[in-house]
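Descriptive analysis of the structure
In case you want the letters, here they are:
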Amino acid sequence: MSFLRDISCEHIMDSLADGVFTVDQDWNITFFNRAASAITGVPRAEALGRKCWEVFRSSICDGACALKAALEAGESRSNRSLFFVRPDGSKVPISISAAPLRDRRGKTVGGVETFRDLSALRLMQKKLDGLYQVEDILSRSPAFQRILGILPQIASSGSTVLVLGESGTGKELVARAIHNLSGRKGKPFVAVNCGALPENLLESELFGHKAGAFTDAKKDKPGRFQSADGGTLFLDEIGDMPLALQVKILRALQEKVIEPLGAVAGVPVNVRVIAATNRDLEDMVARQSFRSDLYYRLNVVRLALPPLRQRPEDIPLLAQHFVDRQNALTGKDIQGLAPEVLQRLMRHSFPGNVRELENIIEYAFILCPGGQIRLEHLPESLAPHADTAQPLPFSGTLDEIKCRAVADTLARNSGRVMAACRELGVSKDTLRRILNKGGHAPRG
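This structure is a prediction, so every number in the text was calculated from the model and none was measured.

Thresholds, definitions, all that
Residues numbered from 1 in each chain as written. Predicted model: local features only at pLDDT ≥ 70, side-chain atom pairs only at ≥ 80, totals over all residues. Heavy atoms only, no water. Helix = DSSP H or I, 4+ residues; strand = E, 2+ residues; numbered from the N terminus. Buried < 20%, exposed > 50% of the residue type's maximum accessible area, 1.4 Å probe, protein only. Contact = heavy atoms within 4.5 Å. Lys, Arg positive; Asp, Glu negative; His and termini not counted. Salt bridge = Lys/Arg side-chain N within 4 Å of Asp/Glu carboxyl O. Pairing = 2+ DSSP bridges. Axes fitted to C-alpha atoms, helices over the stretch in contact; angles between N-to-C directions. Core = buried A, V, L, I, M, F, W, Y, C linked by side-chain atoms within 4.5 Å. Parallel < 35°, antiparallel > 145°, perpendicular 65-115°, else oblique. Left-handed = near helix turned anticlockwise from the far one by under 90°. Nonpolar A, V, L, I, M, F, W, Y, C, P; charged D, E, K, R; others polar. pLDDT = per-residue confidence, 0-100.

**A few points about the overall build of the chain**
Summing up its helical and strand segments, the chain has 19 helices and 16 strands in all. For the chain, the residues scored as buried account for 43% of the 444 residues in total. Look at the contacts in the chain between residues 6 or more apart in sequence, and 63% of them connect residues 24 or more apart.

Written as structure tokens, this is what we have:
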């Protein structure tokens, strides 16, 4: 074994197929092997000396860090599945293990983490499962798979796209996928909700304004068209756009020129437009509440996304996807859905579509301490007595959902904060923070 004296530890680590890196007690990267560089796309020289979260930007860097948990517990943590974002924006699924790094006297001087690229394994599993995926869109539905199958051709065409579908069906996800599959991928993707702003603000947001164009216009401000120059502009809820602004949108599409408020000359822009709506634009054209010329200019490529109730085969798939995501984000180890929960979800009509399902899983994660998600962890709209009632969408922001779940837990525990904390598996400070974000302050 004398030949081992001539081999450095660094050479051994560089021969491994798994990525390995170490950090000191200030979270600065002190070692980064060859596989780590290949998997992350970050050269070793750029990684050394930087904070680990600056290099990895993983799905658990916001509070559920496996390496931090290993250091706090003083023992290793193995086989956590998550994803990180490469410098080019692509997501890479990995499995990680972490452990404290000790010197010869047993003193903790930092941490070591190993990780394995699961991309090939995931691809093989998807083929075995008959699963089709583009970007973050998952489906087993033949109808949805047909749409996903033509997205690469649509993306490369450069044509204007009109995405139709109910709220929560994933219209923005499809728009982002088209952008990321196109030659504009390296340029901005800018999204605007046309129904969220009043008409006077929407015009300035879209087209920008010059200094002095109105009372508060102290300086020039570029609009979203200019911000998206070279990339893609996603106009969500285009059916809510006022008629007066539709004329300016039409000119931008036809002539590739916009007119900022107060400008004396047009500004050329190179933008691909993808529009989306949950309204019936043909009916609006017939009632003259939407311009026919703009409708036909937008309707070059038309994609109609089926609602979740028309693709029930996707409910188990999407539910598990959201469970995996929440496990990565929260650091929990929820094993999935109990059979009776999946049965209840399969009977639900999902008026809020995929977004509603995601919110249901988010809510259940707050209440479920471990194991499987059971019926008692579901919102009241899915409670047993709700079977004969008209199902209601479980909507709201994630902060509102968390606040509602914490409030329900406090009510079950007669307002006892520490009892609620134990049931939820969170600290008192975390519970207070959730309630404060939702506009409620706990007592005691």
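**Things to note about helix α9 (residues 199-207)**
Within α9 the residues assigned to the buried category are L202, E203, S204, E205, L206 and F207. Considering only its buried residues, α9 is in contact with β9 (189-193), α10 (224-227), β10 (232-236), α11 (243-255) and β11 (257-258). Phi for G208, located one or two positions after α9, is positive at around 80 degrees.

**Overview of the side chain of E237**
Its location among the elements puts E237 in the loop between β10 and α11. Among buried Asp, Glu, Lys and Arg side chains, E237 stands out as unpaired, with K171 the closest opposite charge at 4.8 Å. If sequence neighbours within four positions are ignored, E237 has contacts with N193, C194, G195, A276, T277 and N278.

**As for the pattern of salt bridges**
On inspection of all chains with the given rule, the structure shows 19 salt bridges. Its salt-bridge partner being E166, residue R309 comes within 2.4 Å of it at the nearest N-O pair. Here R309 is found in the loop between β14 (301-304) and α14 (314-330), whereas its partner E166 is found in the loop between β8 (161-164) and α8 (171-181), with 143 residues between them in sequence. Residue K248 is joined to E203 by a salt bridge in which the shortest nitrogen-to-oxygen separation is 3.0 Å. Of this pair, K248 sits in helix α11 while E203 sits in helix α9; the two residues are 45 residues apart in sequence, bridging distant segments of the chain. Put simply, E205, K221 and R224 are held in one network by salt bridges that share partners.

**A word on the sheet that holds β9**
Within the open sheet, the five strands sit side by side as β9-β10-β13-β8-β14. Their pairing is parallel. Where the open sheet ends on each side, the last strands, each with one partner, are β9 and β14. Looking at each pair of strands side by side, their axes are set apart by 15 degrees on average, direction ignored. Bridging between β8 and β14 involves four bridges; their strand directions are parallel. Bridging across to β14, L162 finds its partner in R302.

**Examining unusual backbone geometry**
Of note, the phi angle at K256 is positive, near 55 degrees, even though the residue is not glycine. By the element assignment, K256 lies in the loop between α11 and β11. Phi at F350 is positive, roughly 50 degrees, even though this residue is not glycine. By the secondary structure assignment, F350 is in the loop between α15 (339-347) and α16 (353-367). By relative accessible area, which is 0% here, F350 ends up buried.

**Describing the nonpolar core**
Core analysis: the largest hydrophobic core is formed by 31 residues, its most contacted members being L206, F225, L235, I238, I249 and F290. Among the secondary structure elements, those contributing two or more residues to this core are β8, β9, α9, β10, α11, β13 (272-277), α12 (281-286) and α13 (292-298). Residues contacting L235, with those up to four places away along its chain left out, are V192, C194, L206, I249, V273, I274, A275 and A276. Counting residues in hydrophobic clusters, the runner-up holds 24 residues, among them L317, L318, A338 and L357.

**As for the packing of helix α7 (residues 142-157) against α8**
Look at α7 against α8: their axes get within 8 Å of each other, and the N-to-C directions meet at 60 degrees. Judged by the inter-axis angle, α7 sits oblique to α8. Seen from above, α7 lies across α8 with right-handed handedness. Taken together, the residues of α8 that come into contact with α7 (itself represented by L151, P152, I154 and A155) are V174, A177, I178 and L181. Of the residues contributing to the contact of α7 with α8, the split by class is eight nonpolar, no polar and no charged.

**What to know about the confidence of the model for the chain**
For residues with low pLDDT, the predicted coordinates do not support detailed interpretation. Taken residue by residue, the chain gives an average pLDDT of 82. The fraction at 70 or more is 84%. Counting contacts from residues 127-132, a segment whose pLDDT is below 50, to residues more than four positions away or on other chains yields 14 contacts. For the stretch residues 386-393, pLDDT sits under 50, and the model shows 14 contacts to residues farther than four places along the chain or on other chains.

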